[in-house]
Amino acid sequence: GLRAHYPMDGNGGDISGNGFQAFLAGVAPAEDRQGRPNAALRFNGVNNYVLVPGTALLPRQGGTISLWAKVDDNVTQFNLFAERRPVVAEPFFRAQLGSFQGLGQPLDTFLFSINAPTEPRTVAPSSQYGFTAWHLYTFTWDRASKKIYFDGELLADFQGDYAGPQGGDLYLGTNSVNFYESLRGVMDDVRIY
């Protein structure tokens, strides 16, 4: 069932009816994937984010987060979302795009970490997917597995013991531990199930 739905129409309104309003920190209205003005949110890659209350994720043994995003360049490692943790430690609940070869290299790696001792990754050549265009990113989890979908295509199915979110606030567009690896691009239509 739908838990929260953020159209990102220049504000943090949750239209699911569940009242999980998000807080906007420095993001700006932007054109969405359908060309409508002020119908998505732009992130500057430095110091802005959208804060979703942790209660939108709990109590959850499993769930799904889906969102549309378009990045400004193909070589900047960034987080799509990350849960705020009471203790600064990795790994934690987050989704990231980066480079298997390190910072400053072309994006080719999806990371979906769920509070587990290992962080399995899936490698997806950036030339194949073209991250600078609009794409639908979907991340699902339960106690036994986690999955990554790209435009509806299953890219990875990891098996393991995953505890799920721990109740911290969810930061869209940045790494919640120390606010680095931030998204430089546009995000639209975020849904939590």
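Cut-offs used in this document
- Residues numbered from 1 in each chain as written.
- Predicted model: local features only at pLDDT ≥ 70, side-chain atom pairs only at ≥ 80, totals over all residues.
- Heavy atoms only, no water.
- Helix = DSSP H or I, 4+ residues; strand = E, 2+ residues; numbered from the N terminus.
- Buried < 20%, exposed > 50% of the residue type's maximum accessible area, 1.4 Å probe, protein only.
- Contact = heavy atoms within 4.5 Å.
- Phe/Tyr/Trp six-rings, centres within 6.5 Å; stacked < 30°, edge-to-face > 60°.
- Core = buried A, V, L, I, M, F, W, Y, C linked by side-chain atoms within 4.5 Å.

1. Focus: the overall build of the protein
Here's step 1: The helix and strand inventory of the protein stands at 1 helix and 15 strands.
Here's step 2: Relative to its 193 residues, the protein shows a buried fraction of 53%.
Here's step 3: Contacts in the protein between residues far apart in sequence, at least 24 positions, make up 60% of those at least 6 positions apart.

2. Quick notes on the packing of aromatic side chains
Here's step 1: For the structure shown, the criterion picks out 12 aromatic pairs.
Here's step 2: Judged by centre distance (5.7 Å) and plane angle (70°), the rings of F110 and F131 are edge-to-face. In this pair, F110 sits in strand β9 (residues 109-113) while F131 sits in the loop between α1 (126-129) and β11 (135-141), placing the two residues 21 residues apart along the sequence.
Here's step 3: On the basis of relative accessible area, F110 is assigned to the buried category, the value being 0%.
Here's step 4: Taking relative accessible area as the criterion, F131 reaches 0% and is therefore assigned buried.
Here's step 5: The interplanar angle of 50° and the centroid separation of 6.2 Å between the aromatic rings of F110 and Y137 together place this pair among those described as tilted. Placement of the pair is F110 in strand β9 and Y137 in strand β11, with a sequence separation of 27 residues. Note on accessibility: F110 and Y137 belong to one class, buried.

3. Let's talk about the side chain of T138
Here's step 1: By secondary structure assignment, the location of T138 is in strand β11.
Here's step 2: With sequence-adjacent residues up to four places away left out, T138 is seen in contact with T64, I65, S66, K147, I148 and Y149.

4. Describing the nonpolar core
Here's step 1: Membership of the largest hydrophobic core comes to 43 residues, with the highest contact counts inside it found for Y6, L80, F81 and Y137.
Here's step 2: Residue contributions to this core peak at 4 residues, all from strand β6 (residues 63-71).
Here's step 3: Those residues in contact with L80 that sit more than four places away from it in its chain are L67, A69, A95, Q96, L97, Y137, F139, Y171, L172, G173 and M187.

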